[in-house]
Structure formats: structure tokens, C-alpha cells
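Chain by chain, the residues run as shown.
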Amino acid sequence: MVSGLIKTVLIALVVVAAAFFMFGYWSGGSLGSFRTAPAPAATGTSGSIDTSAARERGAEIGEKAAQAANTVGKTLDEGALTTKITAKMVLDDVVKARTINVTTNGTTVTLTGTVHSSQERQRAVQLARETDGVTQVIDHLTIREP
């Protein structure tokens with residue numbers, strides 16, 4: 001019964017699609033053609049341009065662009081530090097990197113997660129501290145009780 005209902009719905013969809021296609025064909029439209037609006041008339045400026053206001057606005061836009069570039073640069077630097085530390089932990093024999101989360105804010109790195117021993121904890125903190133660009137490591141690692 002359900003398959004019969006599905007077939008009926010599919011046939012109805014095909015009929016509707018065919019009707020739209022035929023309507024477009026008979027009304028002079030074609031598939032893939034789009035009607036475009038006429039081009040607007042050319043406009044000009046009247047009066048004089050306030051160059052000092054334009055310079056001021058340009059300076060504001062330039063400052064905002066510089067701030068955005070600094071933010072992007074900072075984010076990339078933080079991501080690079082996080083990646084370096086994570087890679088060191090993955091390659092280390094003592095540290096189980098998949099249980100440690102590394103986050104970076106500026107040059108401060110925070111380690112969170114669970115480790116299996118105090119030796120693993122010390123090694124993870126040491127790897128983070130030894131990474132170029134890191135000024136502070138915040139240790140929020142917990143040791144899993146056996």
C-alpha cells in the first residue's frame with residue numbers, strides 16, 4: 001500500500017514538472033534563459049566633492065582594514081602555536097595527545113584533559129613551555145585514577 005502511494009506521488013510530480021516545462025515552451029521561454037533588467041541610465045555627480053571628508057573616510061576605512069588584518073594575524077599565530085604543541089605531543093612517546101586539549105590565547109597556552117600519570121602531565125606541560133612563542137602555560141590537566 002505504501003509503495004502504491006509513493007508511485008502515485010512520483011507520477012504526480014512528473015506530471016507537474018512536465019506541465020511547467022510545456023508552459024514555458026508555449027509561452028516563448030526557454031530553459032536556461034534569464035530575462036535581464038534594462039541597464040540603468042548613466043548618472044553623474046552634481047556640485048563639488050569634499051576632498052577632506054573623502055580623505056577622512058578613507059583613513060577610517062584604512063584603520064578598520066589594519067585592525068582586521070591584525071586580528072587575522074593574531075588568530076593565525078595562535079593557531080600555529082596550538083598546532084605546533086599538538087604535533088609535539090602526537091610525536092612524543094610519553095604523552096597521549098588525543099586526551100589533551102590545547103587552546104591558545106595570544107601567547108598563553110592552556111592544557112585541559114585527562115592524563116594517565118604525573119609523568120605524562122609534566123611532559124605535556126614541558127612540551128608546551130618549550131615551544132617558541134609561548135610565554136605562559138596554564139595546566140588544567142587531571143590525572144586519571146586507576
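Residues numbered from 1 in each chain as written. Predicted model: local features only at pLDDT ≥ 70, side-chain atom pairs only at ≥ 80, totals over all residues. Heavy atoms only, no water.

**Student:** Outline the nonpolar core, supporting the account with residue identities and numerical values.
**Tutor:** Counting 17 residues, the largest nonpolar core has I85, M89, I100, V102, V109, L111 and A124 as its most contacted members. It is helix α3 (residues 118-129) that provides the largest number of residues to this core, a total of 4 residues. (Core = buried A, V, L, I, M, F, W, Y, C linked by side-chain atoms within 4.5 Å. Buried < 20%, exposed > 50% of the residue type's maximum accessible area, 1.4 Å probe, protein only. Helix = DSSP H or I, 4+ residues; strand = E, 2+ residues; numbered from the N terminus.)

**Student:** Could you give me a rundown of the side chain of D92, with the residues and numbers involved?
**Tutor:** Take D92: it is sitting in the loop between α2 (51-91) and β1 (100-105). At 2.8 Å, the side chain of D92 and the backbone nitrogen of V94 are in polar contact. Apart from residues no more than four positions distant in its own chain, D92 is found in contact with R123 and L127. (Polar contact = N/O pair within 3.5 Å; in protein donor to acceptor, adjacent residues only side chain to side chain. Contact = heavy atoms within 4.5 Å.)

**Student:** Requested: an account of α2, with residues and values cited.
**Tutor:** Taking 1.5 Å as the rise per residue, α2 with 41 residues should run 60 Å; its terminal C-alpha atoms sit 59 Å apart, in good agreement. By the burial criterion, the buried members of α2 are E78, L81, T82, I85 and M89. The secondary structure elements touched by the buried residues of α2 are β1, β2 (108-115) and α3. (Expected span 1.5 Å × (residues − 1).)

**Student:** How would you explain α3 if you had to name every residue and give the values?
**Tutor:** Taking 1.5 Å per residue as the helical rise, α3 with its 12 residues ought to reach 16 Å, and the 16 Å between its terminal C-alpha atoms agrees with that figure. Here α3 has its buried residues at E120, A124, V125, L127 and A128. Projected onto a plane normal to the axis of α3, the buried residues spread over an arc of 160° and lie on a single side. Of the exposed residues in α3, those oriented more than 90 degrees away from the buried face are Q119, Q122 and R129. (Arc of directions from axis to C-beta.)

What is shown is where atoms sit, not what they do.
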